[in-house]
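Commentary on secondary and tertiary structure
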Amino acid sequence: MKKIIISTLAVSALLFTTSCENDFDTDVKDIQVTKGDADFTKYVALGNSLTSGYRDGALYADGQNESYPSMIAQQMKLVGGGDFKQPLMPDNNGGLLLATPLGTLQIANTKLYISSFIDGSPELKYANGNVATTLTNTVLTGPFNNMGVPGAKVAHLLADNYGNVQGVAAKTANPYFVRFASEPTTSVIKDFKKQSPTFFSLWIGNNDALLYALAGADATAETLTPAVQFTQYYNALVNEIASTNAKGVIANIPSVTSIPALTTIPVNPLTAAVLGNGNVTAGNATIDALNAQIYGPLNQILTALGAGDRIKPLSKTAANPLLIKDESLTPLGVQITAAATASGNPTLVALAGYLGATYGQARQAKAGDLVPLTTKAAIGTLQTLPPGVPASLGARGIAYPFADNYILTGTEVAEINTTIDAYNVAIKAAATAKGYAFVDANKKMSELGSQSGISFDGVKYTAKFVTGGAFSLDGVHLTGRGYAVIANEFIKSINATYKSNLPEVDPNKYSGIKFP
């Protein structure tokens, strides 16, 4: 099956000029920089992968050096801020190895890069052939100012033993924190407090919803932290931070359902050309066969059951939606089996049990559903089928319904966004109660997701995959330029709250997507 095209790239889009208002408006050549009411002597950043500088699906040195806390720290140095130490990876490939009694295992991939273009679509590969060389078990000498831990949820920052290498395999510890924890039994917040920070930033909570969303809301793989539980953990974390008497800034959580990782692949990528591997004639033949074998008979049966909108015959002239399983639908498996058995059609009779078991909660994807970027590679791959069922009916997303973990339904999207809204209420309340500066990161990310995007000195940034310039190749994390956009939001909030005038950074001076 031909690879599904993400989009036709226009590299010039990265340098697209626009008449939009320029968001970079701080000219500090003749301004005396002051710290206001803040003390930036010891700045420590708490968070997850977004704080660490993670991008392109990995943590690597160049990305860390362009983390938003590092950018902020450079501006703080203008008014007495101290050095900003990060637990740097030893190379620019990323990836992690874990030494175990059974041998050394690779537990994290190396970074993604664009190796070439196929029909205008980027072909992504892993750096160094996806061979990692960094050993998690090697502990660095700290303390470190950047305490961003990729993969961490709010509760994880409070957890003892989160840096214990013995817990990595069981996922009770984090391999990235293992690298820089002061001791195996400590927690992130304890190591934070040991440093007696004078100023902090906190951007945490994204993974409490993101990991669930990227798993297609499959609760067997990931969980969505309940809002009540999130609030309890978040308040406990902020209370621990407040005990240091440090001043600081807190950011809320962007909507995870508007990032390129979930908005790039359309719900209807199945054209005749795609189904025919570039040959429209062959694709039309495939459509005829699928309509005769599956789509036509199922549409007739479902129409008789009052559910004909679930599955409709494929079109030769329009793009067709993916076939998915929607667990919120009323199961009609028994009825489908009975109707197929009573049809008198030998083929349907022979497949009656299979049809009911497979398509009882099946439907075609529709507007409001989201297709994770990682699902792209699975479209058309073959599902193992029972004996007697034609192998061609096993093409995932085409003839065989994608399982729950491959798709976010509109209902699941609403569930996630409602929960994130509740998270953000708790975050804003915590910031207000303690008098900390507050960053509405959700609003800024929404601006990136809008058609007009954000402009800096004539360069336009949007949330469009690859060409938007702000998001890296994993579709979740930012580029250096994207992190600079966020750094400026932190700086604006710090200045407004603490009467400082730290200069903003110029996003155009940082790195974006690298093209071959």
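Residues numbered from 1 in each chain as written. Predicted model: local features only at pLDDT ≥ 70, side-chain atom pairs only at ≥ 80, totals over all residues. Heavy atoms only, no water.

1. Regarding the packing of aromatic side chains
Within the structure shown, the criterion is met by 18 aromatic pairs. An aromatic cluster is present here, built from Phe40, Tyr43, Phe84, Phe199 and Tyr498 joined pairwise through their rings. The ring of tyrosine 60 carries lysine 111 above its face, with NZ or CZ at 4.4 Å from the centroid. Against the face of phenylalanine 438 rests lysine 428, its NZ or CZ located 5.0 Å from the ring centre. (Phe/Tyr/Trp six-rings, centres within 6.5 Å; stacked < 30°, edge-to-face > 60°. Lys NZ or Arg CZ within 6 Å of the ring centre and 35° of its normal.)

2. Some remarks on the packing of helix H3 (residues 68-76) against helix H15 (residues 480-498)
Orientation of H3 relative to H15, taken along the N-to-C sense of each, is 50 degrees, at an axis distance of 8 Å. By the angle class used here, H3 and H15 are oblique. Considering only the axes of H3 and H15, their crossing is right-handed. On H15, the residues that touch Tyr68, Met71, Ile72, Gln75 and Met76 of H3 are Gly480, Tyr483, Ala484, Ile486, Ala487, Phe490, Ile491 and Ile494. In terms of residue class, the contact of H3 with H15 is made up of eleven nonpolar, two polar and no charged. (Axes fitted to C-alpha atoms, helices over the stretch in contact; angles between N-to-C directions. Helix = DSSP H or I, 4+ residues; strand = E, 2+ residues; numbered from the N terminus. Parallel < 35°, antiparallel > 145°, perpendicular 65-115°, else oblique. Left-handed = near helix turned anticlockwise from the far one by under 90°. Contact = heavy atoms within 4.5 Å. Nonpolar A, V, L, I, M, F, W, Y, C, P; charged D, E, K, R; others polar.)

3. Overview of the environment of leucine 211
With respect to the helices and strands, leucine 211 occurs in helix H6 (residues 207-214). Residues leucine 211 and threonine 138, spaced 73 residues apart in sequence, show a C-alpha to C-alpha distance of 27 Å. Contact partners of leucine 211, with chain neighbours within four places excluded, come to Gly151, Lys153 and Glu222.

4. With respect to the pairing of strand S4 (residues 112-118)
Where S4 meets strand S5 (residues 121-126), six bridges bridge the pair, whose relative direction is antiparallel. Paired with isoleucine 114 across the strands is leucine 124, a residue of S5. (Pairing = 2+ DSSP bridges.)

5. Here's the deal with the sheet that holds strand S8 (residues 247-251)
Within the open sheet, the five strands sit side by side as S6-S1-S7-S8-S11. Their pairing is parallel. Lying at the two open borders of the sheet, with one neighbouring strand each, are strand S6 (146-148) and strand S11 (437-439). The average undirected angle you get between the axes of adjacent strands in this sheet is 15 degrees. Judged from the three bridges that link them, strand S1 (residues 43-47) and S6 form a sheet pairing that is parallel.

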